[in-house]
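Commentary on secondary and tertiary structure
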Protein chains: 4
Amino acid sequence: MKRIRDYGITIGSLETGEKNLITDVKGVKVGHVTLKDGDINTGVTAIIPHEGNIFKQKLYGAVQVINGFGKTIGTIQLEELGTIETPIMLTNTLNVGTVSQGLIKYMLSMNPDIGVKTGTINPIVGECNDGFLNDIRGFHVTEEHVFESIKNASEDFLEGAVGAGTGMRCFGYKGGIGSSSRRIKIKDEEYTLGALVLSNFGVNKDFILNNKDINSMIHENNRDLTTRKNEEGVENILEKLEKGSIMMIIATDAPLLPRQLKRVAKRSVVGITRLGSYLGNGSGDVAIAFSTANKINHYEEKVSTEMKVINENYIDYFFRGAAEAVEESVLNSLVAAESVLGRDGNECKSLSEELK
Amino acid sequence: MKRIRDYGITIGSLETGEKNLITDVKGVKVGHVTLKDGDINTGVTAIIPHEGNIFKQKLYGAVQVINGFGKTIGTIQLEELGTIETPIMLTNTLNVGTVSQGLIKYMLSMNPDIGVKTGTINPIVGECNDGFLNDIRGFHVTEEHVFESIKNASEDFLEGAVGAGTGMRCFGYKGGIGSSSRRIKIKDEEYTLGALVLSNFGVNKDFILNNKDINSMIHENNRDLTTRKNEEGVENILEKLEKGSIMMIIATDAPLLPRQLKRVAKRSVVGITRLGSYLGNGSGDVAIAFSTANKINHYEEKVSTEMKVINENYIDYFFRGAAEAVEESVLNSLVAAESVLGRDGNECKSLSEELK
Amino acid sequence: MKRIRDYGITIGSLETGEKNLITDVKGVKVGHVTLKDGDINTGVTAIIPHEGNIFKQKLYGAVQVINGFGKTIGTIQLEELGTIETPIMLTNTLNVGTVSQGLIKYMLSMNPDIGVKTGTINPIVGECNDGFLNDIRGFHVTEEHVFESIKNASEDFLEGAVGAGTGMRCFGYKGGIGSSSRRIKIKDEEYTLGALVLSNFGVNKDFILNNKDINSMIHENNRDLTTRKNEEGVENILEKLEKGSIMMIIATDAPLLPRQLKRVAKRSVVGITRLGSYLGNGSGDVAIAFSTANKINHYEEKVSTEMKVINENYIDYFFRGAAEAVEESVLNSLVAAESVLGRDGNECKSLSEELK
Amino acid sequence: MKRIRDYGITIGSLETGEKNLITDVKGVKVGHVTLKDGDINTGVTAIIPHEGNIFKQKLYGAVQVINGFGKTIGTIQLEELGTIETPIMLTNTLNVGTVSQGLIKYMLSMNPDIGVKTGTINPIVGECNDGFLNDIRGFHVTEEHVFESIKNASEDFLEGAVGAGTGMRCFGYKGGIGSSSRRIKIKDEEYTLGALVLSNFGVNKDFILNNKDINSMIHENNRDLTTRKNEEGVENILEKLEKGSIMMIIATDAPLLPRQLKRVAKRSVVGITRLGSYLGNGSGDVAIAFSTANKINHYEEKVSTEMKVINENYIDYFFRGAAEAVEESVLNSLVAAESVLGRDGNECKSLSEELK
């Protein structure tokens, strides 16, 4: 499968990790369940933060809500405590509850103490609306798909119209899952930062590819790549506004604290605005970042512990890495996703067809 | 059923509404489904904000996270857009996803356009952990209970160990659902503000009733009213810390904007700290407020509309009303709830037994 | 000078530090400049966080804005970076700029690199409005008073109508500076948490002292202890609402991170609501917390450093300590402050006269 | 004086206002005091929101802190109450206190009731660090300059190295004051949105002009346009990171509520990231937005009032307008500013010299 660099387009100046995937951060794995059958174009994607028991060994994390027209769950506790204690799941907007229940059941199956000898669990589930290509009212995702996507998780994973990305569109093209990574070398220390996005945002006329207006570059008639049937009235007018959403997951092995991770997550905005987003009202743009460096024991007995912390004077390297990796992840999602004919004859073409 | 005023205890100085319930705010209704069978002590409570189609006619709303050790969903969009577009549901922590799915299905059944001709829906579901009295790992709440609780909604409703409150405990006593209201008279305008709480917070030794330490008042041996079996190790130590949570829903017919509603919601903290809470680390304390005064049409065609807005110079009346109504709601939940013997022989006595 | 404990009133259950002052936290010092002459009743108070060069060795800090009707400066950077790099100064509302300039000049005098070889400096200056007793329009505080208050700083300091507290009132009584501290013992580790307040909030009829309504306790005719001359119209009506403000400074030697310090600062609300505050619209209630445990070097060369961090499972001890210390600090400010006859014949009586 | 459009560069798709200045919003005026003498390169800029008494007739406003390494004052109250009650002043970082005092004195001179018959005043003063070109340690701005800049305010005003912009640099070029505006036409309603920036951010190698890397476009040897003398050690290394800051003021005559204005202010980030900013750690990026449409009377007697409010379904037009106007404002600041030789021989060239 081709990636954006295969088209001669390079984003930013930092070196990529080995696979140029979020899984370049050691311990991180990604798994998909893809549901694709006529009007059904949806799925689940699981990001596993480390290989151990994530409830018993939490990681520092943070969320940055860039535009809150979204339904991601688990963010209140993430903001308050600065820790993640489950895999991060992605799915379609109307199945967030289902995936949340599936994730809770998965966590309970691994932790018999939850809800009996200790407290409960905070599931993190992000979403985008795939209703253009998917029969989203059909609720085709099940709790079992959560278990399956976690079981599927691996360091190697597909991009494009897979998992939660199966029915997404982005800048009028077929969107979905994309990923990228950066090496952060400062003096004699080296870290990795990786991103994974679920891209479902932007309008075609705003798309900027490689600093060029995509329309002037490759369109002859400014034709709309998305074809929607049977619409009228006010919805139709509003439909032309920026809708969709994007979920951006950032992982790093650098010892960043929750406050620092939030600052890094905020820089994801650089990646999407450079591609043409105006952070539209209807777009739920949410970034979640976590660090695998410090583990926080659920049953920690010590009153105080030692933590490694990145010197804030050097945090700009991580800002730049996050911005670059998010921008490249979106582009990877676009070129990896094949054209899809979905719900009610709605169709999204692949950007790869334009770039041929 | 006795309420706290029947014990000669009055909170604050403002006059109550007619029923002294959140449903004194015209249009608001509350419905319960109570699940009570041996180890099962849980349920669902629905707060209906107005009698019309809440998705098509949204209300201004706001959320104030007082302590974010909680799993309430729907808050990102509520914070960004300042509107509620579904009933507000309450349940146990591990069934938030289930109730979310049920609520989405209910909303879709009323709105065939959602997910096809227009965007999706933002369900609001709050929770507390009833695992002490309830077999919370059994997931006894179903999507059907959502439909049922909404169908049950009425201006008259029970308090105490009912609905989502069935398995809750508060200050070591049986907690649950409580409500109260206040009349806000300013010059020649009159408004109503009502509160409903799901009380599940506080430790017994901290409880202050009517400005008196409950232990010095009615306890002889500072005995612990909650009896927990078979625990040891660090959980047990931590268990003595403040846990639980409280959900506080505030309704008013005064035309408050989202920013103003957030300020009012924040004053709910006055009610719970005066009763003895220290806003413990493990307590998810979340307040949601909404106003029935201005309705925001989903398919509004006008570019600008006229709104009534309360003069901020008078907002103190609403602050005071919220603080009083929340404090009294908690006390009503405590005296209304009968003693419950629940999961694994765990037991919570009713405060009403102490006050006899 | 008598303190609240000398009246037989004890707040909370934790043991106090040796002096029961914020300066029980090793390294912290407090200095005042008191301006008192007829209509002039104002001043400056400096809280010195540690004895070294605070710009070169910053401390972790956090701010919690409880109600933002206030003009404290320095909070944007404190929130973003989580560090304090100057002493914290308190003064009257209309002299915040003056004190800020004085503080900058003080810092520049100690650091010739600022503004030339390195960046600038973030002064933190809090305020309350002492206009009732003070000729606040006269701008009687000067930049020199900043240098003087820092020079005066010591582990021993006065409470009551001194420094920034000279012209403040609180619950209708004379308010001002108050302080208190708590020992936090967890297993074999022991820490100290101290608070200092500038009290200028609350209305007399709401005051709760030792869980008793102050009016029913000591007032015969609910007489108003503050006497204001020559007012009419809408201001007068609004004047009866809760106004004023409170600044709450919390120091600890426990290694709390900025996110944790913010959570601790938030619990200051418990102290003031238990005394009767409804967090009135017109009251700027702001808490700032810092930890002396970890020092962050301005010119740190290391890419990552080791930090001690308190286990969040034990943070409730600090929440409780902050709530207790803030409540006791307010009461200490009230009993320490003598009656003052100020601007235009306005007068505030001392609570100590009531308790005699 | 040439502006960016005179170089054939157009930003975005919306039509500009008549002057393409923030003062296209009726009632808004801008005034400068420029201090330029050898090592002194600094000043003050005043943005007057409307022609009446701004304290007595407040406007809705909001602040969005994009990166909080900054010292802007007045934001706590702006965030809480959603109103501005003074002109918005801009100056250098170390004179914020001075300008704040000057602004307070100006407001007191217009309002004899402040501090006597009513409360105090919340001055809003933003800043950037001009220490590279200016003797910032010399504190050359005085309170009188505030009065003078307000007196100078007019609908016509200069851009570039004037007022607060006198000593700023941006992307390695001479920066300063820039402005732009957009017409927002929706159906039969028409509004104006204008921006004014104080640009002092970005590093040269990141600058993107008209979607082109500025270095590949006009630099032959990637030479650094800023020349700094006599530096060594860690500061020097860090100096290469993104520093500076940008203040972005957005005005509109559309009836946006504070929550909506905050959302609009947030879109200013689109403008600066498209020009090459990574929102660097050391850059204080702060946006303030206000609406002239609804006026809020300080002594309002009515309990509730009527307000016009923009339908949120159309807010994307304002998002786009803000993004475009901010981006163009920065470019206008760059081409308007002439080259400056400042403090200690430090020098910044004008972008206009490159574009000739």
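Now for a look at the structure at hand.

Across its full length, chain A holds nine helices and 18 strands. For 356 residues, the compact-globule estimate of 2.2 N^0.38 gives 21 Å, and chain A sits close to it at 19 Å. Principal axes of the C-alpha set define a box for chain A whose edges measure 65 × 45 × 35 Å. In chain A, which comprises 356 residues, the proportion classed as buried is 72%. Here chain A has roughly 10,500 Å² of accessible surface; of this, 46% comes from carbon and sulfur atoms. Put simply, chain A has 40 plus and 47 minus side-chain charges, and the middle of one group is 2 Å from the middle of the other.

Copy one and copy two of the chain differ by a rotation about a common axis and a shift along it. It takes a turn of 180° to lay chain B on chain D, together with a shift of 0.0 Å along the axis; the resulting RMSD is 0.0 Å. Accordingly, the operation relating the two chain copies is best matched by a two-fold axis. Distance from the rotation axis, computed per C-alpha, reaches its smallest value in chain B at B:Met307: 2.6 Å. In this assembly, 100% of the residues forming the interface of chain B have copies in chain D that are likewise at the interface, indicating an isologous arrangement.

With that out of the way, let us pick up the sheet that holds strand S5 (residues 88–92) of chain A. Residues and elements named next belong to chain A. Read from one edge of the open sheet, four strands run S1-S2-S5-S6, paired in mixed fashion. The open sheet is flanked by strand S1 (29–37) and strand S6 (124–128), the only strands paired with a single partner. Strand-to-strand, the axes of this sheet are offset by a mean angle of 15°, without reference to chain direction. Taken together, the nine bridges between S1 and strand S2 (residues 40–48) define a ladder with antiparallel strand orientation.

Residues and elements named next belong to chain B. Restricting attention to buried positions, one finds in helix H3 (residues 143–151) the residues His145, Val146, Ser149 and Ile150. End-on, the buried residues of H3 take up no more than an arc of 135°, which puts them together on one face. In H3, the exposed positions that point more than 90 degrees away from the buried face belong to Glu144 and Lys151. In this structure, the buried side of H3 is in contact with strand S1 (29–37), strand S2 (40–48), strand S5 (88–92) and helix H2 (96–110).

What follows covers the nonpolar core. Judged by nonpolar contacts, the single largest core of 215 residues is most densely connected at A:Phe318, B:Phe318, C:Phe318 and D:Phe318. Residues in contact with C:Phe318, not counting those within four places in the same chain, are C:Ile184, C:Ile186, C:Tyr191, C:Leu193, C:Thr252, C:Ala254, C:Leu256, C:Val264 and C:Ile310.

This model, assessed by the stated rule, comprises zero disulfides over all chains. Here B:Cys128 stays free of any disulfide, with the sulfur of B:Cys170 as its closest cysteine sulfur at 9.3 Å. Distance from the sulfur of C:Cys348, which forms no disulfide, to the nearest cysteine sulfur (C:Cys170) is 9.7 Å.

Further remarks concern the sheet that holds strand S14 (residues 244–252) of chain A. Through backbone hydrogen bonds, the strands of a sheet pair up, either in parallel or in antiparallel fashion. All names here are of chain A. In space, the six strands of this open sheet follow the order S4-S3-S15-S14-S10-S9, with mixed pairing throughout. Sheet topology places strand S4 (83–84) and strand S9 (176–186) at the edges, where each strand pairs with a single neighbour. Pairing geometry for strand S3 (residues 57–68) and strand S15 (residues 284–297), over 11 bridges, is antiparallel. Note that in S15 the partner of Gly61 across the bridge is Phe290. Each of S3, strand S10 (189–201), S14 and S15 touches helix H6 (residues 258–266); the most contacted strand, S3, lies at about 40° to it.

Quoted interface sizes are often the accessible area lost when the parts come together. The interface of chain B with chain D comprises 33 residues on the first partner and 33 residues on the second. Of the roughly 2,600 Å² buried between chain B and chain D, counting both surfaces, carbon and sulfur atoms make up 44%. Counting the surface chain B buries against chain D, the share from its top three residues, B:Glu80, B:Arg259 and B:Val303, is 26%. Taken together, chain B and chain D are joined by four salt bridges. For B:Glu301, the salt bridge identified is with D:Lys187, shortest N-O distance 3.2 Å. Within the residue set of the side of chain B that touches chain D, elements represented by two or more residues are helix H1 (75–81), strand S10 (189–201), helix H6 (258–266) and strand S16 (304–310) of chain B.

What follows covers the packing of aromatic side chains. A full pass over the atoms with the stated rule returns 24 aromatic pairs over all chains. Their ring planes at 50° and their centres at 6.1 Å tell us that B:Tyr191 and B:Phe318 sit as a pair that is tilted. Placement of the pair is B:Tyr191 in strand S10 and B:Phe318 in helix H8 (residues 316–336), with a sequence separation of 127 residues. For B:Tyr191, a relative accessible area of 8% puts it in the buried group. Residue classification places B:Phe318 among the buried positions, given a relative accessible area of 0%. Pairwise contacts between aromatic rings join A:Phe171, A:Tyr173, A:Phe201 and A:Phe207 into one cluster. Above the plane of the ring of C:Tyr278 lies B:Arg320, whose end atom (NZ or CZ) is 4.2 Å from the centre.

Helices that pack against each other are described as a pair by the angle of their axes relative to one another and the distance between those axes. All names here are of chain C. Where helix H2 (residues 96–110) meets helix H3 (residues 143–151), the axes come as close as 7 Å, and the angle between the chain directions of the two elements is 60°. Considering the angle they form, H2 stands oblique to H3. Two packed elements cross with a definite hand, and for H2 against H3 that hand is right-handed. Counting all contacts with H2, which are made through Thr98, Val99, Gln101, Gly102, Leu103, Lys105, Tyr106 and Ser109, the residues of H3 involved are Glu143, Val146, Phe147 and Ile150.

Each copy superposes on the other: chain D lies on chain C with an RMSD of 0.0 Å after a rotation of 180° and an axial shift of 0.0 Å. Most of the interface of chain D is mirrored in chain C, where 100% of its interface residues again form contacts.

Let us look at the interface of chain D and chain C. Between chain D and chain C, the residue contacts involve 50 residues of the former and 50 residues of the latter. Taken over both partners, the interface formed by chain D and chain C buries close to 4,300 Å², and the fraction arising from carbon and sulfur atoms is 58%. Where chain D packs against chain C, one counts zero salt bridges. Counting every contact that joins chain D to chain C gives 22 residue pairs in polar contact (both at pLDDT 80 or more).

What follows is about the environment of D:Gly321. Positionally, D:Gly321 belongs in helix H8 (residues 316–336). Sequence-distant contacts of D:Gly321, that is, excluding residues within four places in its chain, are made with D:Leu14, D:Arg182, D:Ile184 and D:Leu193.

Residues and elements named next belong to chain B. Looking at the secondary structure, you find Ser181 in strand S9 (residues 176–186). A C-alpha to C-alpha distance of 40 Å links Ser181 and Val116, two positions 65 residues apart in sequence. Once residues lying within four places of it in the same chain are set aside, the contact partners of Ser181 are Glu15, Thr16, Gly17, Asn20, Leu21, Asp24, Leu193 and Gly194. Of the polar contacts made by the side chain of Ser181, one reaches the backbone nitrogen of Gly17; its length is 3.0 Å.

Below, the discussion takes up the side chain of D:His298. Examined against the element boundaries, D:His298 turns out to sit in the loop between strand S14 (284–297) and strand S15 (304–310). On the accessibility criterion, D:His298 (14% relative accessible area) is buried. In terms of polar contacts, D:His298 uses its side chain to reach the side chain of D:Thr118, at 2.8 Å. Non-local contacts of D:His298, meaning those with residues more than four positions away in its chain, are made with B:Asn313, D:Phe55, D:Lys56, D:Lys58 and D:Thr118.

To continue, consider the pairing of strand S13 (residues 244–252) of chain C. Residue and element names in this part refer to chain C. Summarising burial for S13: nine of the nine residues are buried, a large majority. Across the two faces of S13 the burial is the same, with Gly244, Ile246, Met248, Ile250 and Thr252 and Ser245, Met247, Ile249 and Ala251 all buried. Summarising the sheet, S13 and strand S14 (residues 284–297) pair through eight bridges and their orientation is parallel. Within S14, the position partnered with Met248 by the bridge is Ala287.

Take unusual backbone geometry next. Notably, B:Asn20 is not glycine yet its phi reads approximately 60°, a positive angle. Inspection of the secondary structure puts B:Asn20 in the segment before S1. A positive phi angle, close to 50°, is found at C:Lys187, a residue other than glycine. Take C:Lys187: it is sitting in the loop between strand S9 (176–186) and strand S10 (189–201).

Thresholds applied
Residues numbered from 1 in each chain as written. Chains lettered and ligands numbered in written order. Predicted model: local features only at pLDDT ≥ 70, side-chain atom pairs only at ≥ 80, totals over all residues. Heavy atoms only, no water. Helix = DSSP H or I, 4+ residues; strand = E, 2+ residues; numbered from the N terminus. Rg over C-alpha atoms; globule rule 2.2 N^0.38 Å. Buried < 20%, exposed > 50% of the residue type's maximum accessible area, 1.4 Å probe, protein only. Areas by Shrake-Rupley, 256 points an atom, 1.4 Å probe, with all protein chains shown as cover. Lys, Arg positive; Asp, Glu negative; His and termini not counted. Charge placed at Lys NZ, Arg CZ, Asp CG, Glu CD. Least-squares fit on C-alpha atoms with pLDDT ≥ 70 in both. Contact = heavy atoms within 4.5 Å. Pairing = 2+ DSSP bridges. Axes fitted to C-alpha atoms, helices over the stretch in contact; angles between N-to-C directions. Arc of directions from axis to C-beta. Core = buried A, V, L, I, M, F, W, Y, C linked by side-chain atoms within 4.5 Å. Disulfide = S-S within 2.5 Å. Buried area = accessible area lost by both parts, 1.4 Å probe. Salt bridge = Lys/Arg side-chain N within 4 Å of Asp/Glu carboxyl O. Phe/Tyr/Trp six-rings, centres within 6.5 Å; stacked < 30°, edge-to-face > 60°. Lys NZ or Arg CZ within 6 Å of the ring centre and 35° of its normal. Parallel < 35°, antiparallel > 145°, perpendicular 65-115°, else oblique. Left-handed = near helix turned anticlockwise from the far one by under 90°. Polar contact = N/O pair within 3.5 Å; in protein donor to acceptor, adjacent residues only side chain to side chain.

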